[in-house]
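The residues making up each chain are set out below.
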Amino acid sequence: MNESVFNALIQISGSVAGGAVGGFAGFIASLVQSRSVRREKRCNIASALIGEIGALTQLYRDQYVPHLTDLSNTLDATTSNAHPVRGEQEYMPIFRSLGSEIGHFPAPLPHDLVMWYTALTVALERAHALHDLTLQNHENGTAYIAKLAQDQIDHLPSLCRQSQDLIARLAAL
C-alpha cells in the first residue's frame, strides 16, 4: 500500500471517528440540556402550585374557619353576610392553567394533587351553598346552615394538613 493511500485512510478514519465522537458529545449535551429544561419546568410548576395551595390554605385557616365557627355558634344569618369565601370566584387559576402539566411529577403526586383540588372544589361548593343560605335568611334553614358549617369545620383541617404535605412534596422536586 502506498503512503498516500495510507494517509488518506488515516484522514478518513480520523474524520469518521471525530464525527462519531462529536455526534455522541452533541447527543449527550442535548440530553443534559433537555433534562435541565424539564427539571426547571417541573420546579416552576411546583413553585406556582405551592403558592396557590399555601394561599388557599391560609385563607381557609385564618379567615374562613373562624367565620364558620362564629356562624355555627350564633346561627344569625343577618350578621354573617360578609363571607371571606363565597365559592363564587375562581379560586384555583394556577391549577386550572397548569393542571395538565402535573403528569410530569413523580407518582403518586399527580393523583394526590387532583384529590386535594377535588376536595377543595367540594369545600367551595359548600361555601357557595352556605353563602346563599345565609343571604336567604330563612328561619327554617338554620339547622341546615349549622350542619353545612359544621361539615366545613370538620373537613377543612384535613384539607389543611394535606396541603402541608403537598407543599413539602412539591418543594422537594
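Residues numbered from 1 in each chain as written. Predicted model: local features only at pLDDT ≥ 70, side-chain atom pairs only at ≥ 80, totals over all residues. Heavy atoms only, no water.

### What about the overall build of the chain?
Here is step 1: Each helix and strand counted, the chain has 4 helices and 0 strands in total.
Here is step 2: Going residue by residue from the N terminus, the α and β elements of the chain occur as α-α-α-α.
Here is step 3: Split into buried and exposed, the 173 residues of the chain put 31% on the buried side.
Here is step 4: Expressed as a percentage of contacts within the chain between residues at least 6 apart in sequence, the contacts between residues at least 24 apart total 80%.
Here is step 5: By element, 59% of the accessible surface of the chain is carried by carbon and sulfur atoms, the whole surface being about 10,300 Å². (Helix = DSSP H or I, 4+ residues; strand = E, 2+ residues; numbered from the N terminus. Buried < 20%, exposed > 50% of the residue type's maximum accessible area, 1.4 Å probe, protein only. Contact = heavy atoms within 4.5 Å. Areas by Shrake-Rupley, 256 points an atom, 1.4 Å probe, with all protein chains shown as cover.)

### Section: a nonpolar patch on the surface
Here is step 1: Taken together, the side chains of Phe24, Phe27, Ile28, Leu31 and Val32 present a nonpolar region at the surface, about 500 Å² in accessible area.
Here is step 2: Counting through the fold element by element, Ile28 comes out in helix H1 (residues 3-74).
Here is step 3: According to the relative accessible area criterion, Ile28 is partly exposed, its value standing at 34%. (Patch = residues over 30% accessible without salt bridge, like charges linked within 9 Å, V, L, I, M, F, W, Y side chains within 5 Å. Salt bridge = Lys/Arg side-chain N within 4 Å of Asp/Glu carboxyl O.)

### Observations regarding the nonpolar core
Here is step 1: If you look at the biggest cluster of nonpolar residues, it comprises 36 residues, and the most contacted ones within it are Leu49, Phe105, Leu113, Tyr117, Leu120 and Leu170.
Here is step 2: Residue assignment for this core shows that the elements contributing at least two residues are H1, helix H3 (109-136) and helix H4 (142-171).
Here is step 3: The element that contributes the greatest number of residues to this core is H3, accounting for 11 residues.
Here is step 4: When sequence neighbours within four positions are dropped, the list of residues in contact with Phe105 reads Arg42, Ile45, Ala46, Leu49, Pro110, Leu113, Leu170 and Leu173. (Core = buried A, V, L, I, M, F, W, Y, C linked by side-chain atoms within 4.5 Å.)

### Considering the environment of Phe95
Here is step 1: For Phe95, the position within the fold is in helix H2 (residues 93-98).
Here is step 2: Look at Phe95 and you get buried, because its relative accessible area is 14%.
Here is step 3: As for Phe95 and Ala48, which are separated by 47 residues in sequence, their C-alpha atoms are 8.6 Å apart.
Here is step 4: Those residues within four positions of Phe95 in sequence are excluded, and the remaining contacts are Leu49, Glu52, Ile102, Val114 and Tyr117.

### Let's talk about the pattern of salt bridges
Here is step 1: What the rule picks out here adds up to 6 salt bridges.
Here is step 2: Of the charged contacts, one joins Lys41 and Glu101 as a salt bridge, the two residues approaching to 3.1 Å between their closest N and O atoms. Here Lys41 is found in helix H1, whereas its partner Glu101 is found in the loop between H2 and H3, with 60 residues between them in sequence.
Here is step 3: Several salt bridges converge on common partners, so that one network encompasses Asp112, Asp165 and Arg169.

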